[in-house]
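Structural features, examined
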Amino acid sequence: YLEDLLLPRVVYVAPGHASALGGTTLTILGHNFGISDPSPVVRIDGIACAASVWVSDAEIVCHGAAAKPSGTLLGIVGGQIELVGVPTAVLVPNMTKYVAQRDASHTSELCHTCHAPQEVWTWESSGTTVVSRFVQRVLGDTSVSTCGVGGSQCSAVLESGNRLLVAAMSFSPDGALTFTLADYENGDATFLLSVAYGAAVTQTRFRIVTEAVNNLPSATVANAGVVEACVGTPASSARAFYAVNVSAGGLVGNEAHQAVTVTVTPLAGDTLLASGTIPLIYPGSGLLTFELAEWAYGAQTFRIDVHDDGGLGTALPYTPASCGDASLAQDAVSCHWNSSRATNLTIRVPRSNTPPVFLFTSSMHVSPPGPGVSVVVQDGTGSHNVSAVVRVLEGTAAFRIDHFLEEMHAGSGIFQALEDGEQTLTFSLAFVGGQADLLLEPPTVFPNGSLSVHPVQHVAGAGGRVIFDLTVRDDGGVECGAVDTVTKRFAVDINYVNYPPSFSLNLMTVTRDENECSEERPCVVPGFATNMTAGPLEEWQNVSMVATVVGWEVLLCDGYALLPEDALFPLTNPSVTAAGALVFVSQPFCSGSVNVSIEMVDSGGTAHGGQNHSAAEMVTLVIASVDQPPRFTLPADAVFVTSADAGARAYPAFARNISAGAPRGRDILQSLSFSVSVLSAPDAFFLSPPAVDAGGRLTFAASGHVGVALCDLLLTDSGGLESPRSTPASRFNITVLNLNDPPQFALSQASIHVSEDEEGFGLEEIVVNITVGAEELQTLAFNVVQVGGAL
């Protein structure tokens, strides 16, 4: 009995609660703890306090009581004291109880939490927790062995606290509680547990308490940690990006009350930033700012570290050992951590591609050589905004301009040499406008800057222009708004060259008779000129035929032009019509031949060496002489002579207006002769027949016989033509008249006596010996004229 009285004994433990998180200082009062320090070891639920201190025979203090494991149903603190290494007294049950509330006030009440709901505590974001035999332990009834099939007899209803704390809760048939915490939620939630036993229902409350954890802060960089910027320039080198999401930990706003600091440390890579500068990150907005060095490019990596003021906890009771290792603790549940996991930020500054450059040049070499190609370089502000014009004469065959482009570079400025060595240029042409049909195929630009052009052989119309945009592209890309192309405009002008017109003559000699082609009825030779064309594809032109007298071969026109100039006015004489007919008029009574040059003239002009005249064709116009019959006139159609005038007679200018036929020409060179034909005459009428000399003088000798000779006068030229025969104009009479002797008579009485009042008297032969004259057969008439007296 005395021995029992000397055993160590616990009478009281203060305070009446211990934090489930551990670390509570427990004062243990009792008896027989030793009159000197026995090196006590106090174990709470089998785990030694951080320090056990002997105070007196009646008092031992436990510093840093052990924590309850997370997910444990809290209850009475159990423990044991070892003195001098020997387990002795145990803590009196129901004296101290574990509680989850770290702020539970100290009280002298023996068990101030004895009637509070039982608690299950865990760490924030610890996921799903299973508490075995939960129902039996909460009800204090070990006889309860089941919650029924599927746990349907047990249920819990949230009464108060954090309604978001528990995401899911269920009971198993054996009474185990399973619940899942919502991520980053902490605090407590009180539930009413109902267990049905047939018709009876037993109820009690329990609380789930979640201890907050200082979640590690974080920095998340957009675009997989890579921020791209453009090459710095003197005008603009500062860059700002909303690229970093900085969090103090947990859900958005869960630890927003914490202060966060961000540090950025260079790690490796190119030196991109201006001297003495580092990137700055503003935690509240996530704004990342930095200043690039001028023309710097490449990539540089930085480490981002985030710190908050939520506290740092390592090696807490019942927490994983990893909480003491920064590299491991950041992902461990129940570890307080105030530093972020290392996050890398890479600032990438691609070299900004500069646009390619080139120039058009007029100092070029054309292959094959020829005068038909030239290049004019312009400033791009003139017609159609072209910077170069390739001028080509119509008819130029396909050609190539060497060095059409010069000063070709993949870049410009300070990167020109660098980009020339790295990049490749490509060329493309785009049709802009103009007459595409002037070219048989689009031009081609070669990598060496040469240009090939294949124009059509002949252009329709007056030529024209084809316009192209030449784009030179490098393969440096367009990052950071870079430009990888340069476009300039050029034109190909096909300058119209007039091809000479042409035609064919079907006749080289045209023969017409004298007087056949008169002004009243010009001679027309249809189809004289054929195959008339202004030139290849030059139907749009106006054409005309030009006939020019270039020489006379034989001309009998007495000084007159064989072809009178104004005979076809307003046309020339001769002329060739648009249909190819030859039209001309010859001088009347003229003959000969004339050489005429025939040309075709078009309206295409002679610019650029063009030709608007065809080759001349020669034609000979022959006006054949036509012998005209000689002519004359007779002023009288009869010649009278008397018998007394017998013998030779001559009548000058008996034939007048004597003409060989035409007033000019070949006829005037002919000789003329008259011949007289006696058509009828009395016998022996002429001693010498009538004749007319070339001058028109009539001669003959009449025999003296009275009568009439009918004659016909004929004029003959040396060409064999005669004047018209037996016409009134050519006939005349030669009449020989007997000379008229006076008639004679005699009176048989000298007077006749008649009585007054005698009515008449009978005829008496008063006139006797009446004659008309010698050999005259004439009718006589007497005329009695009163010469005196009165009747």
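Residues numbered from 1 in each chain as written. Predicted model: local features only at pLDDT ≥ 70, side-chain atom pairs only at ≥ 80, totals over all residues. Heavy atoms only, no water.

To continue, consider the sheet that holds strand β50 (residues 647–651). Spatial ordering of the open sheet is given by β50-β54-β53, a layout of three strands whose pairing is antiparallel. Unpaired on one side and paired on the other, β50 and β53 (686–692) mark the two borders of the sheet. Each strand axis lies, on average, 15° off the axis of its neighbour in the sheet, ignoring direction. Here β50 pairs with strand β54 (residues 698–702) via five bridges, running antiparallel. Bridging across to β54, Y651 finds its partner in L698. (Pairing = 2+ DSSP bridges. Helix = DSSP H or I, 4+ residues; strand = E, 2+ residues; numbered from the N terminus. Axes fitted to C-alpha atoms, helices over the stretch in contact; angles between N-to-C directions.)

Below, the discussion takes up a nonpolar patch on the surface. A contiguous nonpolar surface patch, about 480 Å² in accessible area, is contributed by F745, L747, I770, L780 and F782. Of note, L747 is situated in strand β57 (residues 744–747). For L747, a relative accessible area of 52% gives the class exposed. (Patch = residues over 30% accessible without salt bridge, like charges linked within 9 Å, V, L, I, M, F, W, Y side chains within 5 Å. Areas by Shrake-Rupley, 256 points an atom, 1.4 Å probe, with all protein chains shown as cover. Salt bridge = Lys/Arg side-chain N within 4 Å of Asp/Glu carboxyl O. Buried < 20%, exposed > 50% of the residue type's maximum accessible area, 1.4 Å probe, protein only.)

So, on to the pattern of salt bridges. Charged atoms that come close allow side chains of opposite charge to pair. Counted by the stated rule, this structure contains 11 salt bridges. R43 is the partner of E82 in a salt bridge, and the nearest nitrogen-oxygen pair spans 2.9 Å. Pair noted here: E82 is in strand β9 (residues 79–83) and R43 is in strand β4 (residues 41–44), with a separation of 39 residues, a long-range link. You can call E82 buried: its relative accessible area is 15%. In this structure, R207 engages D188 in a salt bridge whose closest nitrogen and oxygen atoms are separated by 4.0 Å. Note that R207 is positioned in strand β18 (residues 200–211) and D188 in strand β17 (residues 187–197), a separation of 19 residues in sequence.

Here we come to the environment of I347. You can see I347 is positioned in strand β27 (residues 343–349). Not counting the four nearest positions on each side in its chain, I347 is found in contact with V227, L272, P279, F290, G298, A299, Q300 and F302. (Contact = heavy atoms within 4.5 Å.)

Within the chain, residue pLDDT values average 83, and 87% of them lie at 70 or more. Contacts from residues 102–113, a stretch scored under 50 in pLDDT, to residues over four places away or in other chains number 25 contacts. (pLDDT = per-residue confidence, 0-100.)

It is worth spelling out the sheet that holds strand β24 (residues 280–282) at this point. If you walk across this open sheet you meet the three strands as β21-β25-β24, and the pairing is antiparallel. Two strands close off the open sheet at either side, each with one partner strand: β21 (238–242) and β24. The sheet shows a mean angle of 20° between the axes of neighbouring strands, taken without regard to direction. Bridging between β24 and strand β25 (residues 287–291) involves three bridges; their strand directions are antiparallel.

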